[in-house]
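# Reading the structure
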Amino acid sequence: MTTFPMPADEAEARAVQDALRTRVVLDETGPPPGTGHVTGVDVAYDEERDVVVAAAVVLDAATLGVVAESTARGTVSFPYIPGLLAFREIPTVLAALEALPVDPGLVVCDGYGLAHPRRFGLASHLGVLTGLPAIGVAKNPFTFHHEQPGPRRGDSSPLLDEGEEVGRALRTQDGTKPVFVSVGHRTGLDNACAHTLALARDFRQPETTRRADALCRSALREALA
DNA sequence: GCGACAG
DNA sequence: ATCTTGTCGC
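Residues numbered from 1 in each chain as written. Chains lettered and ligands numbered in written order. Predicted model: local features only at pLDDT ≥ 70, side-chain atom pairs only at ≥ 80, totals over all residues. Heavy atoms only, no water.

### What to know about the overall build of chain A
To keep things clear, this is the line we draw: Helix and strand definitions follow DSSP, with helices as H or I runs of at least four residues and strands as E runs of at least two, each counted in order from the N terminus. In this setup the radius of gyration rests on C-alpha atoms only. A globule is expected at 2.2 Å times the number of residues raised to 0.38. Throughout this description, buried means an accessible area under 20% of the type-specific maximum (1.4 Å probe, protein chains only), exposed means over 50%, and partly exposed covers the range between.
The number of helices and strands found in chain A is five helices and eight strands. Helices (α) and strands (β) of chain A occur, in sequence order from the N terminus, as α-β-β-β-α-β-α-β-β-β-β-α-α. The globule rule puts the C-alpha radius of gyration for 225 residues at 17 Å, and the 16 Å found for chain A is close to it. Seen through its C-alpha atoms, chain A measures out along the principal axes to roughly 45 × 40 × 30 Å. Counting over 225 residues, chain A shows a buried share of 51%.

### Remarks on the protein's contact with DNA strand C
The condition is simple: Note on terminology: near, applied to a residue and a molecule or strand, indicates that one of the residue's heavy atoms is within 4 Å of it. By the criterion applied in these results, polar contacts are pairs of N or O atoms within 3.5 Å in which, for protein atoms, one can donate a hydrogen and the other can accept it, and in which residues neighboring in sequence qualify only through two side-chain atoms.
Around DNA strand C, the surrounding shell consists of Ala 44, Tyr 45, Lys 139 and Arg 217. Note that a phosphate oxygen of DNA strand C is positioned 3.4 Å from one of the backbone N or O atoms of Tyr 45. In the environment of DNA strand C, a phosphate oxygen lies 3.4 Å from a nitrogen or oxygen atom belonging to the side chain of Arg 217.

### Some remarks on unusual backbone geometry
A positive phi is found at Glu 162, a non-glycine position, where the angle reads about 50°. Along the chain, the position of Glu 162 falls in the loop between strand E6 (156-161) and strand E7 (164-170). Here Glu 162 falls in the exposed class, since its relative accessible area comes to 80%.

### Some remarks on the protein's contact with DNA strand B
For clarity, the cut-off: The nonpolar class holds Ala, Val, Leu, Ile, Met, Phe, Trp, Tyr, Cys and Pro. Asp, Glu, Lys and Arg form the charged class, and all remaining residues, Gly among them, are polar.
In the neighbourhood of DNA strand B, 19 residues make up the surrounding shell, with Tyr 80, Gly 83, Tyr 112, Lys 139 and Asn 140 lying closest. For DNA strand B, the fraction of atoms within 4 Å of the protein that belong to sugar or phosphate moieties is 46%. Between DNA strand B and Gly 83, the relevant distance is 3.2 Å, taken from a base nitrogen to a main-chain nitrogen or oxygen of the residue. For the surface near DNA strand B, the class distribution of residues is eight nonpolar, six polar and five charged.

### Re the UniProt feature "site: Interaction with target DNA" (unreviewed entry) in chain A
Under the convention used in this document: UniProt positions are given in the numbering used here, feature names are shortened, and annotations may be inferred rather than shown by experiment.
According to UniProt, the feature "site: Interaction with target DNA" (unreviewed entry) maps to Tyr 80 in the numbering used here. Note that Tyr 80 resides in the loop between strand E3 (66-74) and helix H2 (85-98).

### Comments concerning the environment of Leu 220
So the rule is basically this: We call two residues in contact whenever any of their non-hydrogen atoms come within 4.5 Å of each other.
Secondary-structure assignment places Leu 220 in helix H5 (residues 207-224). With relative accessibility at 10%, the residue Leu 220 sits in the buried group. Between the C-alpha atoms of Leu 220 and Ala 54, which are 166 residues apart in sequence, the distance is 8.6 Å. Beyond its immediate sequence surroundings of up to four residues, Leu 220 is in contact with Ala 44, Tyr 45, Asp 46, Val 51 and Val 53.

### Some thoughts on the sheet that holds strand E8 (residues 179-185)
We apply this condition: Between any two strands, at least two bridges found by DSSP are needed for them to pair. Here the axes come from fitting lines to C-alpha atoms, over the contacting stretch only for helices, and the angles between their N-to-C directions go from 0 to 180 degrees.
One open sheet accounts for eight strands, arranged E3-E2-E1-E4-E5-E8-E7-E6; its pairing is mixed. Each end of this open sheet is capped by a strand with a single partner; those strands are E3 and E6. Here the strands of the sheet are splayed against their neighbours by 30° on average, with no regard to which way each runs. Where strand E2 (residues 51-60) lies against E3, eight bridges are found, and the strand directions are antiparallel.

### Thoughts on the environment of Thr 209
As for its position among the elements, Thr 209 is in helix H5. Sequence separation between Thr 209 and Asp 110 is 99 residues; the distance between their C-alpha atoms is 6.6 Å. In this view, Thr 209 contacts Val 108 and Asp 110; residues no more than four positions away in its chain are not counted.

Printed below as a string of structure tokens:
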């Protein structure tokens, strides 16, 4: 089981990010869409009772059918601070991933990867710790800027941090708000977008995220019941 | 100092 | 993330 050293404060957390960011692999294309496994991870909280539940759901990339799923319970070990989300989510997510009976394949995170103040968001952090290819698909543009992509499914525009493309605003369904895709680890941006589009076949959000979100919420309710 | 700010 | 009913639209 992977242990996760929890930083004592914000400065230490940022130092950890600066140290680990050198281990992100960006020269791999990543697994081709539509083959193998794709795994969604997500976390739900009850701040009052100090309970965190993470879920991991493995889908068959070709059919989007569920292959396996797992959950893990933990405690709230870090506050939400923009730019430091990974420290809040990763410990429990790691436990859920390790409980899976099959290889996760590509991991799809609810958040960002390289699109991050220090280029080391949740998806990159999780990728480096597990060695797995990982991407981030976020619902909000965070601190970045973008032009509106075209109106149709598949249309996209660059997500920019002071002129540098750190990800892409990708329209996954006609007439819905775009999602924000960035590379995490061992994956290219074009491929990350192709995966996102394939996974968002029926809804705005990737099926991986939808399944993981539903699972960690229901598991949290049980944990409290 | 103020505003913005993944989940 | 989470607090929360009904309601507008396909």
